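Here are the chains, one letter per residue:
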Amino acid sequence: MICFRTEIGRLRGGFEIRRDDRIVLLGSCFADNIGERLATDGFAAVHNPLGPLYNPASILRVLARDGRPYGEADMVCHAGTWHCLDAACRYQGADPGAVADAVNADYLPLARAVDEADVVIVTFGTSHVFEHGGAVAGNCHKLPAAEFERRMLSPAEIADAWAAVPALSGKRLIFTISPVRYTSDGLADGSLAKAILRVAVDDICRRTGADYFPACEIVCDDLRDYRFYADDLRHPSAMAVEYIYEKFAEAYFSPATCEAARAARRAWLRSQHRPIIAT
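A brief look at the structure comes next.

## Some points on the nonpolar core
Thinking step 1. If you look at the biggest cluster of nonpolar residues, it comprises 47 residues, and the most contacted ones within it are Phe124, Ile158, Trp162 and Phe175.
Thinking step 2. For this core, the secondary-structure elements that each account for two or more residues are β1 (22–27), α2 (56–63), α3 (96–116), β6 (119–124), α4 (155–162), β10 (172–177) and α5 (187–208).
Thinking step 3. Of the residues forming this core, the biggest block, eight residues, is contributed by α3.
Thinking step 4. Ranked by size, the runner-up nonpolar core spans 32 residues in total, among them Phe15, Leu25, Phe43 and Val119.

This is the structure we're talking about:
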């Protein structure tokens, strides 16, 4: 028999995700891809309310606040505009107090969601970090490059920091590595950054009993074709994300949960239908 691709095969997670589980997803934009599908399938899923966070240190920085609200002292000023570098570019403005209030409006519900979560899914995108004033920035807000120091996290640095995170104690944890190809520094550098993450995640899982879901390997080794990428040739296409999600469901859902998820998806699709001719 001639084979035309190397399929990843059937995946089995270390635990089951149930219909009534509360799920939080944090990390790169791939966390949003899976979070949106979980929500569509009727799960209580919160994903990246502060925007995508790409490196392990900036994700951990948000988790380590453990519900402590942001204040004016957490803001950075540049050219008269205040920024919260822990979060997306939309958290900026002329009044630092107003910026802190905007961040807290999304951060405090996230902190509660993490505290109440049954399952936390973390997606690492890169091991590169940008530091501003000695602190890792989650988002550089397009500030001048000269204000940042860029470096690469080591596998041990990542694993040691994530091996014992109080906010995640007692949660069922899944780590993934984003399949998005980061090419701004060249393919070799991007490959090194992903390799560091893979070594670090393996160490974290060994120490904590967390699960690893091979999203990156599914795209790079199973699909392995540019037709499964978006037009930018870096992000997985909608078809690829759907395939990854099917593999995720195969790994973590029971047959009954899969059927309930399909029913919820059908109901959601019906709710999105709009008649061509208004009555």
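Now that the structure has been shown, the text picks up again.
## Overview of the sheet that holds β10
Thinking step 1. Across the sheet, five strands lie side by side as β2-β1-β6-β10-β11; this open sheet has parallel pairing. Lying at the two open borders of the sheet, with one neighbouring strand each, are β2 (44–47) and β11 (211–212).
Thinking step 2. Two strands pair when backbone bridges link them, and β1 and β2 are joined in this way by four bridges, in the parallel orientation. Bridge pairing in β2 links Val24 to Val46.
Thinking step 3. In this fold α2 packs onto β1 and β6, with an angle of close to 145° to the strand it touches most, β6.

## Some details on the pairing of β10
Thinking step 1. For β10, the tally of buried residues reaches six of six residues, placing the bulk of the element in the interior.
Thinking step 2. Burial along β10 is two-sided: Arg172, Ile174 and Thr176 and Leu173, Phe175 and Ile177, pointing in opposite directions, are all buried.
Thinking step 3. Across six bridges, β6 lies against β10 in parallel orientation. Paired with Val120 across the two strands is Leu173, which belongs to β10.
Thinking step 4. Pairing geometry for β10 and β11, over two bridges, is parallel. Opposite Ile174, over in β11, you have Asp211 as the bridge partner.
Thinking step 5. The handedness of the β10 to β11 crossover, carried by α5, is right-handed.

## Things to note about the packing of helix α1 (residues 29–40) against helix α7 (residues 238–252)
Thinking step 1. α7 packs onto α1 with a crossing angle of 65° between their chain directions and a minimal axis gap of 10 Å. On the basis of the axis angle, α1 is roughly perpendicular to α7. Two packed elements cross with a definite hand, and for α1 against α7 that hand is right-handed. Facing α1, whose interface residues are Phe30, Asn33, Ile34, Arg37 and Leu38, α7 presents Ala238, Val241, Glu242, Ile244, Tyr245 and Phe248.
Thinking step 2. Split by residue class, the contact of α1 with α7 holds eight nonpolar, one polar and two charged.

Thresholds applied
Residues numbered from 1 in each chain as written. Predicted model: local features only at pLDDT ≥ 70, side-chain atom pairs only at ≥ 80, totals over all residues. Heavy atoms only, no water. Core = buried A, V, L, I, M, F, W, Y, C linked by side-chain atoms within 4.5 Å. Buried < 20%, exposed > 50% of the residue type's maximum accessible area, 1.4 Å probe, protein only. Helix = DSSP H or I, 4+ residues; strand = E, 2+ residues; numbered from the N terminus. Pairing = 2+ DSSP bridges. Contact = heavy atoms within 4.5 Å. Axes fitted to C-alpha atoms, helices over the stretch in contact; angles between N-to-C directions. Right-handed = clockwise from strand over helix to strand, strands pointing away. Parallel < 35°, antiparallel > 145°, perpendicular 65-115°, else oblique. Left-handed = near helix turned anticlockwise from the far one by under 90°. Nonpolar A, V, L, I, M, F, W, Y, C, P; charged D, E, K, R; others polar.

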